[in-house]
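Secondary and tertiary structure notes
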Amino acid sequence: PQTAVLEPTSAVVPVGFDLTQNYPNPFNPETRIRFTLPIDGQMTLRVYNAAGQQIRTLADGAHQAGFYNVFWDGTDGAGRRVASGTYLYRLEMPGADYRQSRSMTLAQ
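The structure reproduced in this document is the subject of the present report.

Things to note about the side chain of Glu92
Mapped onto the elements of the fold, Glu92 is located in strand S7 (residues 85-93). At 3.3 Å, the side chain of Glu92 and the side chain of Arg90 are in polar contact. Excluding its chain neighbours within four sequence positions, the residues that come into contact with Glu92 are Gln42, Met43, Thr44, Tyr48, Tyr98 and Arg99.

Written out as structure tokens, the structure reads:
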């Protein structure tokens, strides 16, 4: 089940890429991740556990330039709650050679 929500937040085009720290952090049961894309293109936003295993894809595919919010509810790709701990979220836009990661903590 797809419970992540991708919301464009503005019609204004940003000047550069940005992946902000999730809020709240630590979180339970949900957190918000904001990012900006200055160009249209293919992108992914994924969550990984401390061992580097992919837990969830929050956004994948073609997106327009803009400001976005994604909400993660602490579940994996199958809809199961994940354990408390530190997770990494990574935004990638290969066509622009852009990658950025940040960490977040789920506290249950």
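Moving on, there is more to tell.
Things to note about unusual backbone geometry
At the junction of Tyr23 and Pro24, the peptide bond is cis and its omega measures out at -5 degrees in the coordinates. Residue position: Pro24 is located in the loop between strand S2 (18-19) and strand S3 (31-37). For the bond running from Asn25 to Pro26, omega is 0 degrees, close enough to zero to count as cis. Along the chain, Pro26 turns up in the loop between S2 and S3.

The rules we used
Residues numbered from 1 in each chain as written. Predicted model: local features only at pLDDT ≥ 70, side-chain atom pairs only at ≥ 80, totals over all residues. Heavy atoms only, no water. Helix = DSSP H or I, 4+ residues; strand = E, 2+ residues; numbered from the N terminus. Polar contact = N/O pair within 3.5 Å; in protein donor to acceptor, adjacent residues only side chain to side chain. Contact = heavy atoms within 4.5 Å.

Note that all results are geometric; they support no functional claim without further evidence.
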